[in-house]
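Next come the chains, spelled out residue by residue.
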Amino acid sequence: MNDKTRGFCLQYALRRTEILRIADRFADALDEDRTQNADMFDTARTAFSASRHPNATMRALEEEFRTADETLLCLLVALCDAGMELVLALSPISSPTAFAEMASDIFDRLEQERQPSPRMAQKLTEIKAEHAVRRLNAAITQMNQCIK
């Protein structure tokens, strides 16, 4: 593991409590979808739903993220983006260390780009809660193995 990845793992370890709280909020948003937007999970339907599937929990999270510090947002986006690569098998990730290296590279790019907080907040909450939960939970599992 290189120094950059060690630094990323340290960032994760320091912010782990916040990340776990956010993962719980994503899970709450998924519960809301399952109870209030159940038709979005109907795989037998052959036409688009007329429902816009509003999710108050995700909108509240987006508002919270709009005022969050940029380092936390960059960390979350990096974890979710690398988590997407993992759960969709888009990249060959052979170990937790390889996952951390990928997430670290994404984090560095985001830190250099410095997108506005509202844009990163939107990126984190524009996907379905189901996908946010899967991606962040996969990332948490990998990162927890790295910081043991």
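The notes below deal with the structure included here. Because the structure is predicted, anything quoted here is derived from the model rather than measured. Residue numbers restart at each chain and count upward from 1, following the sequence in its written direction. Only residues with pLDDT of 70 or above have their local features reported here, since the model is predicted, and side-chain atom pairs are shown and tallied only from 80 upward, although totals for entire chains, interfaces and linings are computed over all residues. The side-chain quantities take in all heavy atoms of the structure and omit both hydrogens and water.

### Details of helix 1 (residues 3–36)
Note on bend: the value at a residue is the angle between axes fitted to the seven residues ending there and to the seven starting there. Helix and strand assignments come from DSSP, with helices taken as H or I runs of at least 4 residues and strands as E runs of at least 2, each series counted from the N terminus. Approximately 65° is the largest bend angle found in helix 1, and it occurs at Arg15. In the analysis that follows, any N or O atom pair within 3.5 Å is treated as a polar contact, provided that within protein one partner can donate a hydrogen and the other can accept it, and provided that, for residues neighboring in sequence, both atoms belong to side chains. Between the side-chain oxygen at the start of helix 1 and the backbone nitrogen of Lys4 there is a gap of 3.3 Å, and the oxygen is on Asn2.

### So, helix 3 (residues 70–87)
By definition here, a helix of n residues has an expected span of 1.5 Å times n minus one. If you check helix 3, its first and last C-alpha atoms are 25 Å apart, about what 18 residues at 1.5 Å a residue would give, namely 26 Å. Only protein chains enter the accessibility calculation, which uses a 1.4 Å probe. A residue is then buried if its area is under 20% of the maximum for its type, exposed if over 50%, and partly exposed in between. Most of helix 3 sits out of view: 13 of its 18 residues are buried. Two residues or fewer past helix 3, Ala89 is found with a positive phi of approximately 55°.

### Thoughts on unusual backbone geometry
One non-glycine residue, Ala89, adopts positive backbone phi at about 55°. By the secondary structure assignment, Ala89 is in the loop between helix 3 and helix 4 (96–113). Ala89 sits in the exposed class, given a relative accessible area of 63%. Of note, Arg114 is a non-glycine position whose phi angle comes to about 50°, a positive value. Summarising the element assignment, Arg114 is placed in the loop between helix 4 and helix 5 (117–125).

### A short note on the nonpolar core
Definition used in this section: a nonpolar core is a set of buried Ala, Val, Leu, Ile, Met, Phe, Trp, Tyr and Cys residues joined via side-chain atoms within 4.5 Å. Grouped together as the largest cluster of nonpolar side chains are 41 residues, with contacts concentrated most on Ile19, Phe26, Phe65, Leu79 and Leu136. Residue contributions to this core peak at 10 residues, all from helix 3. Contact definition: two residues touch when any of their heavy atoms are within 4.5 Å. In contact with Leu136, other than residues within four places in its own chain, are Ile19, Ile22, Ala23, Phe26, Leu79 and Cys80.

### Quick word on the pattern of salt bridges
By definition here, a salt bridge exists when the distance from a side-chain nitrogen of Lys or Arg to a carboxyl oxygen of Asp or Glu is within 4 Å. All told, the structure shown has 14 salt bridges when counted by the stated rule. Two residues, Asp69 and Arg15, come together in a salt bridge whose shortest N-O distance is 2.6 Å. With a gap of 54 residues between them, Asp69 in the loop between helix 2 (56–66) and helix 3 and Arg15 in helix 1 connect regions that are remote in the sequence. With a relative accessible area of 35%, Asp69 lands in the partly exposed category. Of the charged contacts, one joins Glu62 and Arg66 as a salt bridge, the two residues approaching to 3.7 Å between their closest N and O atoms. Note that Glu62 and Arg66 are positioned in helix 2 at a spacing of 4 residues, about one turn of the helix. The class of Glu62 is buried, set by a relative accessible area of 12%. By relative accessible area, which is 34% here, Arg66 ends up partly exposed.

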